[in-house]
Amino acid sequence: MPTKFSRRTFLKAAGALTAGVAAVTTVPKKYLSWAEEAAQKDMKQIPTFCELCFWNCGLIAKVENNKVVKIDGNPLSLRGRGRLCGRGNAALGALYDPDRLKFPLINVGKRGEPVWKRATWEEALNLITEKMNLIKGKYGAESLALFSHGTGGAFWKHLLKSYGCSNYTAPSFAQCRGPRDMGFYLTYGSDVGSPEYYDFSKSRYIVLLGSHLGENVHNSQVQDITKGLADGAQLTVVDPRLSNIASKADRWLPIKPATDMALLLAWIRIIIEEGLYDKEYIEKYASGFDELRTAVQQYTPQWAETETTIPSDTIVKVAREMGKNAPHVCVGAGRYAVWYGDDTQRSRAIAILNALLGSWGREGGYFFPAKGGVPEYPGLPAYPPHEDVPKLDVAYPFAALQTTTSIKHASITGLPHPIKGWFIYGCNLMKTMPDKQETIKALQNLELVVAIDVLPADIIAWADVVLPECTYMERYDNINVGKFKDLEISLRQPTVEPLWESKPSWWITKELGGKLGLSAYFPWKDGEEYLSKRCEAGGIDFATLKKNGVIVKTDKSAPYITADNQPEFGTPSGKIELYSKQLEEKGFDPVPKYTKHPQPPAGHFRLLFGRASLHTFSRTTNNFMLADLQKENALWVNEKKGKELGLKNGEYVTLVNQDGVMAPGRIKVKLTQRMRDDAVYMYHGFGVHAKGLTRANNQGIADDDLITKYVIDPIMGGTAMRGNFVKIVKGA
Ligand code: SF4
């Protein structure tokens with residue numbers, strides 16, 4: 001009898017097919033698997049972990065004559081479980097990119113209009129040392145700042161701390177997940193982890209809002225949600241766009257952009273008023289229920305329909321479905337959360353919804369991660385005391401990490417104290433931070449800009465000194481600790497010698513530290529000794545780690561609440577705070593409230609942007625293996641609306657924003673029913689201006705060229721970027 005095709009049977013079949021591939025043994029000789037061929041040729045197999053996105057999946061490099069010829073997933077890795085995504089598989093494209101930075105460079109021209117002089121490492125590091133000491137002498141050590149993204153950033157942070165500077169920031173906080181982390185932190189006294197503590201594989205009901213899950217291809221998370229859905233979990237996706245994950249959902253709610261808070265508050269109200277919440281859980285673990293109940297009275301489903309355009313009966317239906325499946329429900333916290341400026345509060349609403357459903361610490365909701373870590377290098381001297389200067393983030397009382405926003409502003413205004421030197425490690429700030437002109441103004445005010453990178457990204461043009469780091473395939477890096485239900489410890493180690501004159505960050509910072517008189521903070525002989533001593537201090541067998549790439553330490557405590565495993569909440573009350581006195585004391589709403597946000601003016605669309613499954617933004621758009629598959633982005637336009645405007649599928653257009661800024665370049669129109677008619681959408685990371693990136697240069701349009709306006713989240717300093725509106729200009 002033929003099996004009826006459904007999404008679930010498809011997912012199950014896909015899983016079986018994947019499993020089957022590994023089991024096939026009787027293939028004709030010409031199709032011998034690569035692993036068998038490698039074994040016959042006696043190739044070296046060296047485990048390390050991927051850096052083409054922060055998920056850091058374990059991989060095994062197959063090396064022949066000091067050349068990586070293939071990579072495979074490391075089956076021991078909890079992040080990848082033996083699999084790599086398309087980007088991860090393109091490691092050779094990153095390693096052997098002819099556009100890589102090859103030698104240290106000194107700009108002998110103007111900042112932003114560089115004239116590069118090839119330098120020796122000695123010359124480049126001497127120049128940086130001289131400038132750092134000059135700046136410290138004039139303004140103090142706290143006038144330097146580090147922007148970093150990626151595993152090697154830890155060595156730079158250590159260098160700056162050793163120098164007496166506490167300004168280290170990552171765009172991943174103020175330009176990405178900071179509001180989410182703080183929203184959950186203010187509610188539970190804990191954030192949601194990275195990778196997140198979602199228990200998707202056991203969920204019975206999942207709700208995602210504006211999520212790029214699937215397009216971000218966060219490896220094990222995608223495997224988990226796939227398993228959850230194949231095992232019968234229902235999925236509701238709220239998004240103005242039919243994203244990849246929405247296409248797998250039972251229900252897609254194409255919400256009017258900027259109204260998600262209305263939907264969340266209505267759901268909270270229904271779940272309370274219909275008694276669908278977990279009464280025992282709330283009684284035992286939460287505080288502020290009565291205040292919450294009173295505060296959400298006004299948010300009826302009918303009211304929410306007028307704001308969101310989602311029918312009220314659908315709103316009620318989804319709330320009931322969540323209630324019915326509680327506590328095995330996961331309302332995803334999201335990741336890229338800087339949307340409209342009230343983002344910490346929106347994340348609080350998500351956290352509160354999960355609390356009402358009793359899903360925190362419950363199977364199918366959010367699990368409790370394994371505890372533990374790896375100790376720091378033993379015997380290092382204490383960092384020097386920081387100078388007594390005003391805190392940069394004083395305006396944002398819940399900025400748990402320093403924000404790029406305040407460093408940028410202090411670089412322009414000198415307030416609350418001047419910032420005069422930037423170290424930029426592995427982050428392309430021209431594409432990361434909103435309002436390029438403001439970023440340029442800050443850069444022009446500095447006395448030193450050092451960029452440490454693998455590729456000549458857009459930001460490189462603004463550096464005085466460029467230090468070429470070798471790729472993740474060629475270096476030792478910091479230890480990576482993953483907190484899943486078990487603890488994962490991963491090692492990055494070189495698979496081949498660094499190409500050209502590129503160097504690892506452990507070496508660069510040690511050399512620079514020596515020149516700055518900080519040798520006592522860098523006692524290790526090399527990267528391997530640094531890592532082996534840390535492992536030794538933590539009782540981890542370094543030889544096994546080197547051989548296997550990953551060590552998993554089983555956590556014996558339960559990942560869920562049990563009679564013997566009661567949760568601890570790091571909030572002031574020791575409970576889940578549905579009503580936040582912490583926020584109230586600082587003048588913020590203790591319970592999230594709905595705020596109306598501006599809607600597009602006539603003739604304009606809201607500009608939405610996100611992730612492509614084949615790229616990690618501008619980090620990979622130049623990768624020859626990935627550019628071959630996708631070299632430019634497209635503009636998603638609602639089909640009906642596009643036709644009304646006379647647009648044709650595939651024609652090139654350009655865009656001009658609400659401030660009259662026209663994006664350089666052109667972008668292909670994609671007419672689709674997968675988009676609402678009040679917004680357009682594009683992948684971020686394209687429209688690269690850096691000439692040195694020969695494949696990525698001028699391919700598509702950069703959303704970041706059009707983000708001239710942003711709203712700061714007053715709670716934690718995040719920069720909301722979804723309030724920009726664009727007009728489509730034909731004839732590009
Ligand atoms: Fe690499 Fe893909 Fe894993 Fe990210 S998800 S670390 S790009 S293999």
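Residues numbered from 1 in each chain as written. Predicted model: local features only at pLDDT ≥ 70, side-chain atom pairs only at ≥ 80, totals over all residues. Heavy atoms only, no water.

1. Details of the nonpolar core
This is how the line gets drawn: The definition of a nonpolar core used throughout is a set of buried Ala, Val, Leu, Ile, Met, Phe, Trp, Tyr and Cys residues joined through side-chain atoms within 4.5 Å. When a residue's accessible area, from a 1.4 Å probe over protein chains only, is under 20% of the maximum for its type it is buried; when over 50% it is exposed; and in between it is partly exposed. We count a stretch as a helix when DSSP gives it H or I for four or more residues in a row; a strand needs E for two or more, and each element gets its number in order from the N terminus. In what follows, residue pairs with any heavy atoms lying within 4.5 Å of each other are defined as contacts.
Among the nonpolar cores identified, the biggest contains 72 residues, and W267, I268, M322 and L356 are the most heavily contacted of them. With 11 residues, helix α9 (residues 260-273) is the single largest residue contributor to this core. The contact partners of W267, leaving out residues within four places of it in the chain, are V207, V238, L253, I315, V318, A319, M322 and L353. Among the nonpolar cores identified, the runner-up in size contains 46 residues, and L125, L159, I452 and I489 belong to it.

2. Quick notes on helix α6 (residues 153-162)
Taking burial as the measure, the 10 residues of α6 include eight buried ones, the bulk of the element. Restricting attention to buried positions, one finds in α6 the residues G153, F155, W156, H158, L159, L160, K161 and S162. Phi turns positive one or two residues past the end of α6, at G164, with a value near 95 degrees.

3. Quick notes on helix α13 (residues 312-325)
In plain terms, the rule: Under the convention used throughout, the expected extent of a helix is 1.5 Å for every residue step, that is, one less than its residue count.
With 14 residues, α13 extends 20 Å between its outermost C-alpha atoms, agreeing within 8% with the 20 Å of an ideal straight helix rising 1.5 Å per residue. The buried fraction of α13 amounts to 10 of the 14 residues, a majority that puts the element mostly inside the structure. Within the span of α13, buried status applies to S312, T314, I315, V316, V318, A319, E321, M322, G323 and N325.

4. Re the sheet that holds strand β3 (residues 67-73)
Selection criterion: DSSP calls a pair of strands paired once it identifies at least 2 bridges connecting them. A fitted line through C-alpha atoms serves as each axis, taken over the contacting stretch for helices, and the angle formed by two N-to-C directions is quoted from 0 to 180°.
Read from one edge to the other, the open sheet built from three strands follows the order β1-β2-β3, with strand pairing classed as antiparallel. On the outer flanks of this sheet lie β1 (44-49) and β3, each paired with one strand and no other. Neighbour-to-neighbour, the strand axes of this sheet turn through a mean angle of 30 degrees, independent of strand direction. Looking at chain direction, strand β2 (residues 58-64) and β3 are connected through six bridges and run antiparallel. Within the sheet, the bridge partner assigned to K62 lies in β3 and is K70.

5. A short note on a negative patch on the surface
The cut-off we apply is this: What goes into a patch is any residue over 30% in relative accessible area without a salt bridge, connected to like charges within 9 Å or, for nonpolar side chains (Val, Leu, Ile, Met, Phe, Trp, Tyr), within 5 Å. For every accessible area listed, the method is Shrake-Rupley and the probe measures 1.4 Å; residues are considered covered only by the protein chains on display. Throughout this description, the term salt bridge denotes a Lys or Arg side-chain nitrogen within 4 Å of a carboxyl oxygen of Asp or Glu. In summary, the charge assignment counts Lys and Arg as positive and Asp and Glu as negative, without counting His or the chain termini. Lysine's charge is taken at NZ, arginine's at CZ, aspartate's at CG and glutamate's at CD.
A cluster of acidic residues, D290, E291, E584 and E585, forms a negative patch on the protein surface. Of all the secondary-structure elements, those providing two or more residues to the negative patch are α11 (289-295) and α21 (581-585). In this fold, E584 is placed in helix α21.

6. As for the pairing of strand β21 (residues 634-638)
Among the five residues in β21, four count as buried, and that is most of the element. Note that β21 and strand β23 (residues 667-672) share five bridges and pair parallel. Counterpart to V637 in the pairing with β23 is L671.

7. Some details on the environment of G692
Relative to the assigned elements, G692 resides in the loop between β24 (679-683) and β25 (711-712). For the pair G692 and R362, spaced 330 residues apart in sequence, the C-alpha to C-alpha distance is 50 Å. Apart from residues lying up to four places away in sequence, G692 is in contact with D99 and P456.

8. A closer look at the domain arrangement of the chain
Rules: The start and end points of each domain follow an automatic or database-based domain assignment. A 1.4 Å probe defines the accessible area here, and the buried area is the portion of it lost by two parts on being joined, summed over both. In the analysis that follows, any N or O atom pair within 3.5 Å is treated as a polar contact, provided that within protein one partner can donate a hydrogen and the other can accept it, and provided that, for residues neighboring in sequence, both atoms belong to side chains.
Considered domain by domain, the chain is made up of domain 1 (7-95), domain 2 (175-369 + 572-580) and domain 3 (605-730). Contacts between domain 1 and domain 3 engage 10 residues on the former and 11 residues on the latter. Of all residues in domain 1, L52, R87 and G93 bury the most surface against domain 3, accounting for 57% of the area lost on that side. Taken together, the connections running from domain 1 to domain 3 amount to zero salt bridges. Counting every contact that joins domain 1 to domain 3 gives four residue pairs in polar contact (both at pLDDT 80 or more).

9. Looking at the sheet that holds strand β18 (residues 550-553)
In spatial order, the strands read β16-β17-β18; together these three strands make up an open sheet with antiparallel pairing. Because the sheet does not close on itself, it has two edges, and the strands there are β16 (480-483) and β18. For this sheet the average axis-to-axis angle between neighbouring strands, irrespective of direction, equals 20 degrees.

10. Remarks on the pattern of salt bridges
Throughout the structure, instances matching the rule amount to 42 salt bridges. Among the salt bridges present, the one from R293 reaches E273, with a minimum N-O distance of 3.2 Å. Of this pair, R293 sits in helix α11 while E273 sits in helix α9, placing them 20 residues apart in sequence. Note that E632 is salt-bridged to K668, the shortest N-O span being 3.6 Å. In this pair, E632 sits in the loop between α22 (624-627) and β21 while K668 sits in strand β23, placing the two residues 36 residues apart along the sequence.

11. Remarks on the state of the cysteines
Short version of the rule: Defined by distance alone, a disulfide is two cysteine sulfur atoms within 2.5 Å.
Inspection of every chain in the model, using the stated rule, returns zero disulfides. Cysteine C470 remains unbridged, with the sulfur of C50 as its closest cysteine sulfur at 15 Å.

12. Considering the side chain of N638
Mapped onto the elements, N638 comes out in strand β21. Look at N638 and you get buried, because its relative accessible area is 14%. In terms of polar contacts, N638 uses its side chain to reach the backbone carbonyl oxygen of M675, at 2.8 Å. Sequence-distant contacts of N638, defined by excluding residues within four places in its chain, comprise L671, T672, M675, R676 and D677.

13. Let's talk about unusual backbone geometry
With an omega of 0 degrees, the peptide bond running from S194 to P195 counts as cis. For P195, the position within the fold is in the loop between α7 (171-188) and β8 (205-209). Put simply, A326 and P327 share a cis peptide bond, and its omega is 5 degrees. Its location among the elements puts P327 in the loop between α13 and β12 (329-331). Backbone geometry at R81 places phi at a positive 50 degrees, although glycine is not the residue there. Checked against the element boundaries, R81 lands in the loop between β3 and α3 (86-89). In this structure R81 comes out as partly exposed when scored by relative accessible area, which is 37%. At D435, a residue that is not glycine, the phi angle is positive and equals roughly 60 degrees. Tracing the backbone shows D435 in the loop between α16 (429-432) and α17 (436-444).

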